[in-house]
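What follows is each chain in one-letter form.
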Amino acid sequence: MKFKSLINDKLQEAFDKAGIKPDLITVNDASKPEFGDFQYNGIMAVAKKLGHNPRDTALLLADNIHGDMISKIEVAGLGFINIHIDNNWLSSRITDIFKSEDLAIEKDINQKTIVIDYSGPNMAKEMHVGHLRSTIIGDSLANLFEFLGHKVIRQNHIGDWGTQFGMLIAYLEEVHKNDSFDELKNLENFYKLAKKKFDDDLDFADRAREYVVKIQSGDKHCLELWRKFIDISLSHCDEVYEKLAIGLTKDDARAESFYNDLLPAIIKKLEHSGLLQISDGAKCVFLPNREAPLIVQKSDGGYLYASTDLAAIGYRNDVLKADRICYVVDARQSDHFAGVFWTAKESGICNNDARLEHIAFGTMMDKSGKPFKTRDGGTVKLIDLLDEAVIRAKDTIKDRANFSNDEVASLAKIIGIGAVKYSDLSINRESNYIFDWDKMLSFDGNTSLYMQYAYARIQSILKKFAGDISGSVELGSDIEHKLAIMLLSFEDILQKIAHDATPHTITSFLYDLATIFMRFYEQSPILRDDVPNNVKMSRIMLSTVVARTIKKGLEILGIEVVDRL
Ligand code: ARG
């Protein structure tokens, strides 16, 4: 239920009745319990505009706010309207949620086609931590949009084209011709060896450049080698996606090479739109307020990263019919995307009403604030990092709750991977992110373990009860009231997160919810013999809805829950 919109509607009705037209009506969460549940603090501005006294305006409005969802309206100070939500009304809504599927969250009637461009590893090397954030953030956005009822098209813009492939193929051809491609199992190493030869051996470097031309002109043999190479790299990625439990499949891959045939038409389109200029022999688009142009074709005819991205926008616009395209890519590429988006709109490659967004994120740092590297300064392979997460998770839980070895093994996967995802998603995505094993694998604070523990705790209550649940929710204490308000706000929060593409804010909501639940649980016995049956039922239903909300929130973040911890 869009709870906040309901309250905003009530306020809107009151404004209509009073004949006042404000610019925008939104209530805020009340900052203190004595202010009720929500507060409207826009009166001063409205009254000032109309030349009215704020307090009188507030009183006039307050008189016109009615409805069974509201128990009390107060005018505070010069013109704040405090709104108290009725406990009976709230109780019925939580009962409704308890009885419904998917937390009674409505699918968006305004369904959009949303393309999410995420992960985008480069095929010359193994996946490294540079692609971790995009993969995690992108996947949670995809889950969220899907849950809200949109049509989501995942697109993995894999970097499989470029001059480095000349070098790799030359190395494959000359040094490993008779191998069964086994050497490639360690891609990272293979890349290093090829690069060393490229740097040390001038003849080899020349031949590597010839291979680039051959691949680009469609030489069959070279393309076959290139394909084999890409297939091996892709299987590496799949291994990572599987470990990370990410919803990207081979079908979602639209690698850079996919757009090769579309590139000439893109250049034509830019020519027709009058945007192209030749500068130093290269075809360029000059952008407003920027000195460096967007180069779309080099003087030797070669295309660039930006040309491929323009072709991809064309494809997503014309073929996929996207209403919104989200690029979950490192913040350091923001100039690139600003240039590409402007050009796509200005040239008509993309419809005017389609929304192009760079969902930027900061760099992953180590605990000392330096970019995340291995001890010897190399890039950290993602697969190694994920394996380490599981090993560390095993250590964290092995002494708890008498788990068998099998249980520890399967729990460790869920907990380790969950921790890697949650800690990434728990900070504002645009900030740099400090990767800290101890913090992410802690039971305290805003961590996945804390959430998984809260969930498991509720499951153990439900398991102990194990009877039929009947009756309805009857909210008693203030803390139950507060819990109910939070539960009802979940849909509004998801909608806002979907609009702003800020999946990390789900974690703050979940953390507040779990913290308030723990407080409720401490002060409100549930299964004790002296608790009257109706109260017991009510508390069980409320706890169940909390558990389902935690589960759903984590599921959107791509994290599993566990029943025992
Ligand atoms: N492969 C690119 C990189 O590693 C990321 C691709 C992002 N997507 C895009 N459409 N440019 O930087």
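Note: the structure precedes this text.
This text gives an overview of the structure that appears in the document. Please read all numbers here as calculations on a predicted model, not as lab measurements.

### So, the packing of aromatic side chains
Aromatic ring pairs are reported here in terms of the distance separating the ring centres and the angle at which the planes meet.
Turning to step 1, where the next piece is worked out: Here the structure, examined in full by the defined rule, presents 22 aromatic pairs.
Turning to step 2, where the next piece is worked out: Measuring from centroid to centroid gives 5.3 Å for Tyr327 and Phe341, while their planes differ by 45°, and the two rings are tilted. Taken as a pair, Tyr327 in strand β10 (residues 324–330) and Phe341 in helix α12 (residues 334–347) lie far apart in primary sequence, 14 residues in all. With respect to class, Tyr327 is no different from Phe341; both count as buried.
Turning to step 3, where the next piece is worked out: Between Phe490 and Phe509, the ring centres sit 5.1 Å apart and the planes meet at 20°, which makes this aromatic pair stacked. Taken together, the positions of Phe490 in helix α17 (residues 478–500) and Phe509 in helix α18 (residues 504–523) put the pair 19 residues apart, joining distant regions of the chain.

### Brief notes about the site of the ligand
Turning to step 1, where the next piece is worked out: In the vicinity of the ligand, the contacting residues are Asp117, Gly120, Asn122, His131, His157, Tyr305, Asp309, Tyr327, Val329, Gln333 and Phe337.
Turning to step 2, where the next piece is worked out: Between a nitrogen atom of the ligand and a main-chain N or O atom of Gly120, the distance comes to 2.8 Å.
Turning to step 3, where the next piece is worked out: Coverage of the ligand by the protein chains reaches 88% of its 350 Å² of free accessible surface.

### Side note on the pattern of salt bridges
Turning to step 1, where the next piece is worked out: Evaluated as defined, the whole model comprises 32 salt bridges.
Turning to step 2, where the next piece is worked out: Close ionic contact of Arg332 with Asp330 constitutes a salt bridge, the shortest N to O distance being 2.6 Å.
Turning to step 3, where the next piece is worked out: Judged by its relative accessible area of 62%, Arg332 falls in the exposed class.
Turning to step 4, where the next piece is worked out: Among the ionic pairs, Glu357 bridges to Arg355, the shortest N-O distance being 3.2 Å.
Turning to step 5, where the next piece is worked out: Residue classification places Glu357 among the buried positions, given a relative accessible area of 14%.
Turning to step 6, where the next piece is worked out: Several salt bridges converge on common partners, so that one network encompasses Lys2, Glu106 and Glu491.

### What about helix α14 (residues 405–425)?
Turning to step 1, where the next piece is worked out: Taking 1.5 Å as the rise per residue, α14 with 21 residues should run 30 Å; its terminal C-alpha atoms sit 30 Å apart, in good agreement.
Turning to step 2, where the next piece is worked out: With 15 of its 21 residues buried, α14 lies for the most part within the structure.

### Topic: the sheet that holds strand β4 (residues 80–85)
Turning to step 1, where the next piece is worked out: Judged by pairing direction, the sheet is antiparallel, and its 4 strands sit side by side in the order β1-β2-β4-β3 without closing on themselves. Both edges of this open sheet fall to β1 (28–29) and β3 (70–76), since each of them pairs with a single strand only.
Turning to step 2, where the next piece is worked out: Pairing of strand β2 (residues 38–40) with β4, which is carried by 3 bridges, proceeds in the antiparallel orientation. Bridged to Tyr40 within β4 is Ile81.
Turning to step 3, where the next piece is worked out: Against the sheet, helix α3 (residues 54–63) touches β3 and β4, its axis set at about 170° to β3.

### Thoughts on the nonpolar core
Turning to step 1, where the next piece is worked out: Counting 154 residues, the largest nonpolar core has Ile85, Ile116 and Leu385 as the members making the most contacts within it.
Turning to step 2, where the next piece is worked out: Setting aside residues no more than four positions away along its own chain, Ile85 makes contact with Phe3, Ile7, Asp37, Phe38, Met69, Ser71, Leu90, His481 and Ile485.
Turning to step 3, where the next piece is worked out: Core analysis: the next-biggest nonpolar cluster, separate from the first, contains 32 residues, Ile153, Val285, Tyr315 and Ala354 among them.

What counts and how
- Residues numbered from 1 in each chain as written.
- Predicted model: local features only at pLDDT ≥ 70, side-chain atom pairs only at ≥ 80, totals over all residues.
- Heavy atoms only, no water.
- Phe/Tyr/Trp six-rings, centres within 6.5 Å; stacked < 30°, edge-to-face > 60°.
- Helix = DSSP H or I, 4+ residues; strand = E, 2+ residues; numbered from the N terminus.
- Buried < 20%, exposed > 50% of the residue type's maximum accessible area, 1.4 Å probe, protein only.
- Near = heavy atom within 4 Å.
- Polar contact = N/O pair within 3.5 Å; in protein donor to acceptor, adjacent residues only side chain to side chain.
- Areas by Shrake-Rupley, 256 points an atom, 1.4 Å probe, with all protein chains shown as cover.
- Salt bridge = Lys/Arg side-chain N within 4 Å of Asp/Glu carboxyl O.
- Expected span 1.5 Å × (residues − 1).
- Pairing = 2+ DSSP bridges.
- Contact = heavy atoms within 4.5 Å.
- Axes fitted to C-alpha atoms, helices over the stretch in contact; angles between N-to-C directions.
- Core = buried A, V, L, I, M, F, W, Y, C linked by side-chain atoms within 4.5 Å.

Function cannot be read off these values alone, since they describe shape.
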